Amino acid sequence: MAIKVHGNPFSPPSQRVLLALAEKDLDYEYVFVDMSAGQHKKEPFISINPFGQVPAFEDGDLKLFESRAITRYIAYAYADKGTPLFDQDPKKVAITSVWLEVEALKFDAAGSKLSFEILIKPLLGMTTDEGAVEQQQGQLASVLDVYEARLSESKYLGGDSFTLVDLHHVPIVNNLMKTKVKALFDARPHVSAWVSEILARPAWAKVLDVLKI
Amino acid sequence: MAIKVHGNPFSPPVQRVFLTLVEKDLDYEFVFVDLSIRQHKKEPYLLMNPFGQVPSFEDGDLTLFESRAITRYIAYAYADKGTPLIDQDPKKFAIISVWLEVESLKFDAAGQKLSFELVIKPLLGLTTDESAVEPLQGQLALVLDVYEARLSESKYLGGDSFTLADLHHVPIVNNLMKTKVKALFDARPHVSAWASDILARPTWAKVLASIKR
């Protein structure tokens, strides 16, 4: 099959890529990377991603890494298939770009650390650092305050429609809603409504089904 | 003037936007934001950037923040002017995207903090935290090892030509080359050649000259 995703079902970045493929209704082969065996740090994986992280991605002879580069590629290369994930107008796509940066550099900074501390560490037999959780919740709350203002003016973060921006949040939001951090989302009505919307998308249900999680 | 950049000339993200405008040969108005009186944390600045950071950007009625969203907008909207900074072919652009993510999430993570500790803090009369510098150098070294391998196969990070992926590095590389971190670049021949190349661009010299004014 032309499209292959090398990943791990519990990795939010891997889930991000699978969601983009599901939104685009694309077929792909999913190749499990056994991180417990260090497979991501060795050949042949390392030749696709020299940073030794999941996911890695192939489309024919094109090899990519970094989930947000992969999803952008999918969104552009398959613009005419499935859900439109960005706007063609340069000014509208610029607004989407702003919030793509915000997700990657501000939301994810706190969000993925919280997801790791609260959900992943226990699975690895490690202890959650409650001090770090407190601090990161504070950080996330500041970001969500900006989101609350934005979403009171705009149905989705990038504009009127669901785009790549909203999609990028889904895996971490999904994780956080299973923890006490849910309270931060529930306390902000527009954020809360947006969260329910994006988690309810059929493409996300498909991904959870494929990963059996 | 239609294009306005709001910021502080010593801020690397602001410089990133200046450089893109110069590469594109675009006229713009620079609006100074006085960080020392926390102008960026108050109205009306916050109306442009709810996170209270520089730069912010206007093009007519379009207002943007996040330097890398601004540069992407400039690169797309003015694709036919000045230096080509992106590629219209989805597969070539995907490769550029990968290294845009790497700069933003891996290089800058260490690079920006080192630049702040070693270059900015002294300018503000603050003391460098030497205990932080050592681990950050270690982090940067690992990233530069990947860059060394990449640049031994490819003249620039994104491919054969200078693109946004290289441009985004210029302000921080410029700062780091004034410090002991220069040694990390010098120790890697392909990285060193690439650093010299991107810093030697006449457009960057124009940016530095305009900052002095």
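An unreviewed UniProt entry lists chain B under the name glutathione transferase, with Penstemon smallii as the source organism. Listed under Catalytic activity (unreviewed entry) in UniProt, the entry text for chain B is "RX + glutathione = an S-substituted glutathione + a halide anion + H(+)". For the record of chain B, the UniProt heading Sequence similarities (unreviewed entry) holds the text "Belongs to the GST superfamily. Phi family."

Chain A appears in an unreviewed UniProt entry as glutathione transferase from Penstemon smallii. Looking at chain A in UniProt, the text filed under Sequence similarities (unreviewed entry) is "Belongs to the GST superfamily. Phi family." UniProt, in its Catalytic activity (unreviewed entry) section for chain A, records the words "RX + glutathione = an S-substituted glutathione + a halide anion + H(+)".

Residues and elements named next belong to chain A. Domain parsing of chain A yields domain 1 (3–84) and domain 2 (90–203). Each of domain 1 and domain 2 has a C-alpha centre, and the two are 21 Å apart. Domain 1 puts 15 residues into the contact, and the matching count from domain 2 is 18 residues. Together, the buried faces of domain 1 and domain 2 total about 1,400 Å²; carbon and sulfur atoms form 62% of this surface. Summed over the shared surface of domain 1 and domain 2, the number is 5 salt bridges.

A few words on helix α4 (residues 90–123) of chain B. Residues and elements named next belong to chain B. If you check α4, its first and last C-alpha atoms are just 43 Å apart, much less than what 34 residues at 1.5 Å a residue would give, namely 50 Å. The sharpest bend along α4 comes to roughly 55°, located at aspartate 108. One or two steps after α4, the chain reaches glycine 125, where phi turns positive at roughly 75°.

Here we take up the side chain of A:Thr83. Position of A:Thr83 relative to the elements: it lies in the loop between α3 (67–77) and α4 (90–123). Engagement of the side chain of A:Thr83 in a polar contact is seen with the side chain of A:Glu23, the distance being 2.7 Å.

Before going further, it helps to examine the environment of B:Gln15. Residues and elements named next belong to chain B. Note that glutamine 15 resides in helix α1 (residues 12–23). With 155 residues separating them along the chain, glutamine 15 and valine 170 place their C-alpha atoms 8.6 Å apart. The residues contacting glutamine 15, other than those within four sequence positions of it, are Pro9, Phe10, Pro171, Trp204 and Ile211. At 2.9 Å, the side chain of glutamine 15 forms a polar contact with the backbone oxygen of proline 9.

Looking now at unusual backbone geometry. Note the cis peptide between A:Val54 and A:Pro55, where omega equals 0°. Positive phi is not limited to glycine here, since A:Asp25 has a value of about 60°. Looking at where A:Asp25 falls in the secondary structure, it is placed in the loop between α1 (12–23) and β2 (29–32). Its identity is not glycine, yet B:Glu66 carries a phi of approximately 70°, on the positive side. One can find B:Glu66 in the loop between β4 (62–65) and α3 (67–77). Accessibility expressed as a relative area gives 10% for B:Glu66, which makes it buried.

Procedures and definitions
- Residues numbered from 1 in each chain as written.
- Chains lettered and ligands numbered in written order.
- Predicted model: local features only at pLDDT ≥ 70, side-chain atom pairs only at ≥ 80, totals over all residues.
- Heavy atoms only, no water.
- UniProt positions renumbered as here; feature names shortened; annotations may be inferred.
- Domains from an automatic or database assignment.
- Contact = heavy atoms within 4.5 Å.
- Buried area = accessible area lost by both parts, 1.4 Å probe.
- Salt bridge = Lys/Arg side-chain N within 4 Å of Asp/Glu carboxyl O.
- Helix = DSSP H or I, 4+ residues; strand = E, 2+ residues; numbered from the N terminus.
- Expected span 1.5 Å × (residues − 1).
- Bend = angle between axes of the 7 residues up to and from the residue.
- Polar contact = N/O pair within 3.5 Å; in protein donor to acceptor, adjacent residues only side chain to side chain.
- Buried < 20%, exposed > 50% of the residue type's maximum accessible area, 1.4 Å probe, protein only.

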